[in-house]
Amino acid sequence: MSRAEAAAPPVRSRGNLFVALLLAWLFPGLGHAYLGKRGTAVLYAVIVTAAFLLGLGYHGKLYVHEPEHPLTVLATFACYGAGLLNIGARLLLDNTGGNVLSPTFEYGCAFILTAGMMNLLLMLDAYDIFTGAKS
Amino acid sequence: MPADHFLAMSLYALLTAGFFALLWRSGRRERWRYFFFVLLTMLVGAIAAGWVMYPVPLHP
């Protein structure tokens with residue numbers, strides 16, 4: 001990066017930051033599509049959705065906060081990071097607690113929590129793109 | 001879904017490697033290089049960790 005590039009102020013994207021962040025949370029890649037990054041938006045959508053659905057397929061759990069287990073608040077936060085995927089799964093599925101007896105239960109939870117955390121990272125990435133911190 | 005641990009681990013490595021290559025690298029070549037680096041690190045690291053833990057008894 002040249003000195004002139006380093007000294008130049010970051011270029012802000014057009015659009016609304018709140019809308020970009022809300023779309024980014026609602027569905028993976030939607031915030032990037034709103035900011036004009038359509039190619040990567042599709043790839044993000046495929047990756048995060050695949051991770052979430054694999055988590056459900058592997059009998060993972062959609063966490064809810066259990067006061068007797070304080071750390072479940074973090075897992076619940078990660079689940080809700082997946083936006084509509086999480087909300088839709090909670091509304092559509094009869095059993096959101098996974099299957100603890102399944103040999104793939106831990107994998108399922110890892111996939112679901114990772115999908116949620118990925119989507120939260122995409123929100124931060126959308127924020128960086130909007131403010132010009134990332135091109 | 002098949003209860004194959006290696007398959008599940010490989011799928012997890014594939015998705016996370018793809019995600020972070022897209023997020024943290026720019027340019028096609030850089031992204032592919034980072035993708036394969038993360039993928040191989042996760043797979044080889046998991047197999048190595050499993051090999052190291054092999055002598056540890058499951059039910060002490």
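As shown above, the structure is provided for reference.
Per chain, residue numbering runs from 1 following the sequence as it is written. Chain letters start at A and ligand numbers start at 1, both assigned in the order the entries are written. The predicted nature of this model means local features are confined to residues of pLDDT at least 70 and side-chain atom pairs, given and counted, to a pLDDT of 80 or more, with totals for whole chains, interfaces and linings taken over all residues. The side-chain values count all of the structure's non-hydrogen atoms but skip hydrogen atoms and water molecules.

1. Considerations on the nonpolar core
For soluble globular proteins, nonpolar side chains are generally found buried alongside one another.
Thought 1: Residues belong to a common nonpolar core when they are buried Ala, Val, Leu, Ile, Met, Phe, Trp, Tyr or Cys residues joined through side-chain atoms within 4.5 Å. The rule is simple: take the accessible area with a 1.4 Å probe, protein chains only, and divide by the maximum for that residue type; under 20% is buried, over 50% is exposed, in between is partly exposed. Membership of the largest hydrophobic core comes to 35 residues, with the highest contact counts inside it found for Phe 52 of chain A together with Phe 19 of chain B.
Thought 2: Only runs of H or I of at least four residues qualify as helices and only runs of E of at least two qualify as strands under DSSP, and these elements are numbered from the N terminus. Those elements that place two or more of their residues in this core are helix 4 (38–57), helix 5 (72–80), helix 6 (84–92) and helix 7 (105–131) of chain A together with helix 1 (5–24) and helix 2 (28–53) of chain B.
Thought 3: Apart from residues lying up to four places away in sequence, Phe 52 of chain A is in contact with Leu 62, Ala 82, Leu 85, Asn 86, Ala 89, Ile 112 and Ala 115 of chain A.
Thought 4: Judged by nonpolar contacts, the second largest core, of six residues, contains Ala 20, Ala 24, Leu 35 and Ala 126 of chain A. Residue contacts are counted whenever heavy atoms from the two residues lie within 4.5 Å of one another.

2. Quick notes on the packing of helix 4 of chain A against helix 6 of chain A
Residues and elements named next belong to chain A.
Thought 1: Lines are fitted to the C-alpha atoms to define the axes, a helix being fitted only along its stretch in contact, and any angle between axes, read from their N-to-C directions, falls within 0 to 180 degrees. Contact geometry of helix 4 with helix 6 gives a least axis separation of 11 Å together with a crossing angle of 30 degrees. Classed by the angle they form, the pair helix 4 and helix 6 counts as roughly parallel. Crossing of helix 4 over helix 6 shows right-handed handedness. For the pair formed by helix 4 and helix 6, the contact residues are Thr 49, Phe 52 and Leu 56 on the first element and Leu 85, Asn 86 and Ala 89 on the second.
Thought 2: We call Asp, Glu, Lys and Arg charged. Ala, Val, Leu, Ile, Met, Phe, Trp, Tyr, Cys and Pro are nonpolar, and the rest, Gly among them, are polar. Split into classes, the residues belonging to the contact of helix 4 with helix 6 amount to four nonpolar, two polar and no charged. We call two directions roughly parallel when the angle between them is under 35 degrees, roughly antiparallel when it is over 145, roughly perpendicular when it lies between 65 and 115, and oblique otherwise. Rotating anticlockwise by less than a right angle from the far helix to the near helix defines a left-handed crossing, while the corresponding clockwise rotation defines a right-handed one.

3. Let's talk about the interface of chain B and chain A
Thought 1: Between chain B and chain A, the contact holds 17 residues from the first and 21 residues from the second.
Thought 2: Carbon and sulfur atoms make up 80% of the surface buried where chain B meets chain A, a total of about 1700 Å² over both sides.
Thought 3: By definition here, a salt bridge exists when the distance from a side-chain nitrogen of Lys or Arg to a carboxyl oxygen of Asp or Glu is within 4 Å. Summed over the shared surface of chain B and chain A, the result is zero salt bridges.
Thought 4: For the side of chain B that touches chain A, the element with the highest residue contribution is helix 1 of chain B, accounting for 13 residues. Put simply, buried area is the surface a 1.4 Å probe can reach on two separate parts but cannot reach once they are joined, added for both.

4. Quick look at helix 4 of chain A
All names here are of chain A.
Thought 1: A helix is expected to reach a length of 1.5 Å times the quantity of its residues less one. For helix 4, with 20 residues, the first-to-last C-alpha span of 28 Å sits near the 28 Å given by 1.5 Å per residue.
Thought 2: Within the sequence span of helix 4, burial applies to Thr 40, Ala 41, Tyr 44, Ala 45, Ile 47, Val 48, Thr 49, Ala 51, Phe 52, Leu 54 and Gly 55.
Thought 3: His 59, located one to two residues past helix 4, shows a positive phi value of around 65 degrees.

5. Quick look at helix 1 of chain B
Thought 1: The terminal C-alpha atoms of helix 1 of chain B, which comprises 20 residues, lie 28 Å apart, in line with the 28 Å expected from a rise of 1.5 Å per residue.
Thought 2: Residues of helix 1 of chain B that are buried include every one of Ala 8, Ser 10, Ala 13, Leu 15, Thr 16, Ala 17, Gly 18, Phe 19, Phe 20, Ala 21, Leu 22 and Leu 23 of chain B, and no others.
Thought 3: Buried positions along helix 1 of chain B lie against helix 4 and helix 7 of chain A together with helix 2 of chain B.
Thought 4: The term polar contact refers here to a pair of N or O atoms within 3.5 Å; inside protein, the definition further demands a hydrogen-donor-capable atom paired with an acceptor-capable atom, and it admits residues adjacent in sequence only when both atoms are side-chain atoms. Measuring from the backbone nitrogen of Phe 6 of chain B back to the side-chain oxygen at the start of helix 1 of chain B gives 2.9 Å, which picks out Asp 4 of chain B as the cap.

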